[in-house]
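Chain and residue survey
Listed below are the residues making up each chain.
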Amino acid sequence: MNKRHWTHFALIAAGLALAACTSTASRITTTYYNISGITGADLDREIAEKGPLRGHALASAAIRFVPVAIAYDESDGKCRFGQAKFRIDANITLPRWRAHRASQPELKTAWKFLAAYAREHEAVHVAIAEKYAQKIGEELMELPPKEDCDALEEAAARVLKRNKVEHNREQLAFDRDEQERLADLFD
């Protein structure tokens, strides 16, 4: 693949970072923010002050799609993708509470379950993104050959844009469904 096409594709990919490694395994890091307190109200206040999304979330997952192997096949007077693989880079942000000895045992138990739920919830967000990383690669490989690589890049940009919209829609639907499910549990 020539340098011009590689640079142009990177720009079309809406700022997705390029990696030297061709592994499609997700790279997941976890960041913690510390909270303190001895009551549920204390913990709620700490999460509101220190939590992700300006305290509007208990936990979050910052997700990026990273192209790890993009190659063009320019043969027979046409341009097509010879390889298109993506992976996910995700940074999960979770709360960390060191239970104070004065905290009630019920609060400690409730926190244990809440922390486990938050971790599992964010893992589902990563799984959704992984599905789209694979889908993007597959759809790029399925693009029919174009007259030139500029035309192929335009088609690739449409695939990336459509999948970004679908990915965001599915992530929001998951959160909405979870909020409804939890509301039903606590009603």
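Conventions used here
Residue positions are given per chain, counting from 1 as you read along its sequence in written order. Only residues with pLDDT of at least 70 are given local features in this predicted model, and only at 80 or more are side-chain atom pairs given and counted; all residues enter the totals for whole chains, interfaces and linings. The basis for every side-chain value is the complete set of heavy atoms in the structure, and neither hydrogens nor water enter the calculation. Under the DSSP-based scheme used, a helix requires at least four consecutive residues in state H or I and a strand at least two consecutive residues in state E, with every element numbered from the N terminus. The cut-offs for exposure are 20% and 50% of the maximum accessible area for each residue type, with area from a 1.4 Å probe on protein chains only; residues under the lower value are buried, those over the upper are exposed, and the others partly exposed. All accessible-area figures derive from a Shrake-Rupley calculation using a 1.4 Å probe, and residue coverage is judged against the displayed protein chains alone. This arc describes the spread of directions from the helix axis toward the C-beta atoms. Here a residue-residue contact requires only that any non-hydrogen atoms of the pair lie within 4.5 Å. For two strands to be treated as a pair, DSSP must find no fewer than two bridges joining them. Axis definition: a line fitted to C-alpha atoms, over the contacting stretch in the case of helices. Angles run 0 to 180 degrees between N-to-C directions.

What follows concerns the overall build of the protein chain. Across its full length, the protein chain holds five helices and three strands. Going residue by residue from the N terminus, the α and β elements of the protein chain occur as α-β-α-α-β-β-α-α. Here the protein chain holds 187 residues, and 36% of them are scored as buried. Here the protein chain displays about 11,100 Å² of accessible surface, and carbon together with sulfur accounts for 54% of that area.

All of the buried residues in helix 2 (residues 40-50) are Asp42, Leu43, Glu46 and Ile47. The buried residues of helix 2 occupy one face: seen down the axis, they fall within an arc of 130 degrees. Opposite the buried face of helix 2, at more than 90 degrees from it, the exposed residues are Ala41, Asp44 and Glu49. Where helix 2 is buried, its residues meet strand 1 (27-35), helix 3 (52-55), strand 3 (78-97) and helix 4 (105-142).

On to the sheet that holds strand 1. Spatially, three strands are ordered 1-3-2 in an open sheet, and the strand pairing comes out mixed. One side of each edge strand has no neighbouring strand; the edge strands of this open sheet are strand 1 and strand 2 (60-75). For this sheet, the mean angle separating the axes of adjacent strands, direction not counted, is 15 degrees. As defined by bridge partners, strand 2 adjoins strand 3 across 15 bridges and the pair is classed as antiparallel. Residue Asp73 lies in a different strand from strand 3, and its bridge partner there is Arg80. Strand contacts of helix 2: strand 1 and strand 3, with the helix running at about 125 degrees to strand 1, the strand carrying the most contacts.

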